[in-house]
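# Reading the structure
This is what each chain is made of:
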Amino acid sequence: MTTFRKNGAPAAEGEPARPPIKVLVILGHPRTDSLCGALADAYGEGALAAGAQLQRLDLATLAFDPHLHTSSPNDQRLEADLSRARELVAWAEHLVFVYPTWWGSVPALLKGFLDRLMAPGFAFSTCEGGIGYQGLLNGRSAQLITTMDTPPLIHRLLYREPGRNAMARATLGFCGVRPVRSLALGSVKEASLAQRQAWLARANRLGRELARGRITPRERLTHKTGAWLRALRLQFYPMTWVAYAVGGLAASPSGGVFGNPVFWLGYLCLFLLEVATVLINEVVDLRTDRANRFFSTFTGGSRVLVEGVLSLREVKAGIIVALLGLVGSTAWLLGVAAVSPAAVIGVLGVLAVLALGYTLPPLMLSYRGLGELDVAVTHSIGVLLCGFVFLGGGWRDPLPWLLSLPLLLAILPSITLSGLPDLEADADVGKRTLAVRLGHRGAVWVALVFTLLATACALAWSLTGLAAGAYGGIALVVVPHGAWLAWRLTRQLRAARPPGRIDGLMAVSLGYVLWFGLWPLFRLA
């Protein structure tokens, strides 16, 4: 085990004192007198010059068994050197791995070290939500420096960087380390002395760049952008657009809807309203999201506040920006739409009250057992009527109401089922969803009844030609999918105990909803 001196460079006169970055350099080459060893030296010297606080591990000098002999790493006693290594990883803020790429991956020495070190309870833990695992090494970044005989470009294009992907994504990323940067140097066997010196200088520069912080401005921007995209939950927006487009097409059967700026300006209003609604839900539902053990892509919110990737202040600012944008885009829409301003304000105003009132006081409809109906109404007749009215239709016309009824019925099963994984957490904070009020079996029965009603309604519309024939022939897809969903729901009713997660069932129920939007969309287009 090699240890760098730990004192960093002092801050310049007049600059505020900043705690030195804690850096751990791990040399994974089985020979310390290798090019990789020299690269680790060069990086460490640069990091010290940047004011970092450094420690180093040369794996070749550690005394440990790289082989895992027990079913779990935790069942095998850690040698003294591995215990010290674990302490250093826990201490570090920035991990630097320097190793050669052999057979497309890391050396056996480094792999054995990771097998023994990255154990459950230290590097990651199991959980019911998300992907079933959560990293425990959050708040750390990493730098990979690897040498290879294959030219790096060939390694990237032909072999797809298996070693890098294993380290950056399947190991460090899995354990919560982000971002993970990589530097591949090669071909070593073809490199001249001058080329090797250039590589050492580059490693030194990487260490010196820590003077600007371990996270670059670009990485910070990328991280925030990703956090905002998570917060917006964009996976649920396409269905809003589909229902809105159905309304627009119903109002303008002659065509030209998608080339009409009024259509896209109206959708901008709906998009901003949905953004504000989603962000408000994040704030109001923070207590239940924190307690939710069964969160997934479909339920439990985006968790940006729970995980701290966005602050409460940032999300509230996002709500204000979205609402101001909604007001501005509505004013713009009123100025260009060739329809009565009162009609636009009326349908959009009612939709806004219902959408925002899902969690926003004083309505808080989702806390009063009305949230499921509210979502079904807003995402069917609410947005469909907006498209119809914005493009010149009248809200008293029966067509948009007939178009939206099968969709409304089809939405109720999925939105009711989405409350099942959240049931315990919602009950603890007093959120009275249908799942909380009726219990697991009651909520599944509601979903089953409305699945059958949605199928029956779509078939009735298809046979009678109601809703401008938009549902003609839909039995081809709705009947088998509805039967599949009903079968899955029946299995839920027979289950001995309610499962924590129902990801498969949610996927089937959401897929069922799509037919009630896409089929009319293509029939009317």
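Just so it is clear, the model here is predicted, and its values are computed rather than measured.

## Observations concerning the overall build of the chain
Along its length, the chain carries 18 helices and seven strands. C-alpha extents for the chain along the principal axes are approximately 85 × 55 × 45 Å. Counting across all 525 residues of the chain, residues that qualify as buried make up 52%. Intrachain contacts of the chain at a sequence separation of at least 6 include 78% that bridge at least 24 residues.

## Some details on the nonpolar core
Counting 95 residues, the largest nonpolar core has Phe390, Leu403, Tyr471 and Phe516 as the members making the most contacts within it. The dominant element in this core, judged by the number of residues it contributes, is helix H9 (residues 261-284), at 13 residues. Those residues in contact with Phe516 that sit more than four places away from it in its chain are Pro406, Leu407, Ala410, Ala454, Thr455, Ala458, Tyr471 and Val478. Formed by 33 residues, the second largest nonpolar core is a distinct cluster that contains Leu88, Val106, Met118 and Leu172.

## Structural notes on unusual backbone geometry
With the exception of glycine, most residues fall at negative phi, and the peptide bonds are largely trans. Going from Arg178 to Pro179, the amide bond is cis rather than trans, its omega being -5°. Summarising the element assignment, Pro179 is placed in the loop between helix H5 (162-173) and strand S7 (180-185). Between Pro361 and Pro362 the backbone carries a cis peptide bond, its omega angle lying at 5°. Checked against the element boundaries, Pro362 lands in the loop between helix H12 (341-356) and helix H13 (371-390).

## Some details on the pattern of salt bridges
Any two side chains of opposite charge can pair if their charged atoms end up close together. A full pass over the atoms with the stated rule returns 13 salt bridges. The shortest N-O distance in the salt bridge between Glu79 and Arg116 comes to 3.2 Å. Residue Glu79 is located in the loop between strand S2 (53-58) and helix H2 (80-91), and its partner Arg116 is located in helix H3 (residues 108-117); the two are separated by 37 residues in the primary sequence. Using a relative accessible area of 0% as the deciding quantity, one classes Arg116 as buried. The partner of Asp503 in a salt bridge is Arg501, with the nearest N and O atoms 2.5 Å apart. For Asp503, a relative accessible area of 27% corresponds to the partly exposed category.

## As for H9
Between the first and last C-alpha of H9 there are 35 Å, a value that for 24 residues agrees with the 34 Å anticipated at 1.5 Å per step. At the N-terminal end of H9, a side-chain oxygen is found 2.9 Å from the backbone nitrogen of Val262, two or three residues along, and the residue is Asn260.

## Points about the pairing of strand S1 (residues 22-27)
Across the six residues that make up S1, a large majority, five, are buried. Inspection of the sheet shows S1 paired to S2 by six bridges, in the parallel sense. Bridging from a neighbouring strand, Lys22 pairs with Gln53 of S2. With helix H1 (residues 35-49) bridging S1 and the parallel S2, this β-α-β connection has right-handed handedness.

## Describing the sheet that holds S7
Strand order across the open sheet formed by five strands is S2-S1-S3-S6-S7, with parallel pairing between neighbours. Edge positions in the sheet fall to S2 and S7, since each of these pairs with one other strand and no more. Each adjacent strand pair in this sheet contributes to an overall mean axis angle of 15°, direction not counted. Bridge count for strand S3 (residues 94-100) against strand S6 (residues 141-147) is seven bridges, and the pairing is parallel. Note on S6: the bridge partner recorded for Val96 is Gln143. Packing of H2 onto the sheet brings it into contact with S1, S2 and S3, and relative to S2 it is tilted by some 145°.

Definitions and cut-offs
Residues numbered from 1 in each chain as written. Predicted model: local features only at pLDDT ≥ 70, side-chain atom pairs only at ≥ 80, totals over all residues. Heavy atoms only, no water. Helix = DSSP H or I, 4+ residues; strand = E, 2+ residues; numbered from the N terminus. Buried < 20%, exposed > 50% of the residue type's maximum accessible area, 1.4 Å probe, protein only. Contact = heavy atoms within 4.5 Å. Core = buried A, V, L, I, M, F, W, Y, C linked by side-chain atoms within 4.5 Å. Salt bridge = Lys/Arg side-chain N within 4 Å of Asp/Glu carboxyl O. Expected span 1.5 Å × (residues − 1). Polar contact = N/O pair within 3.5 Å; in protein donor to acceptor, adjacent residues only side chain to side chain. Pairing = 2+ DSSP bridges. Right-handed = clockwise from strand over helix to strand, strands pointing away. Axes fitted to C-alpha atoms, helices over the stretch in contact; angles between N-to-C directions.

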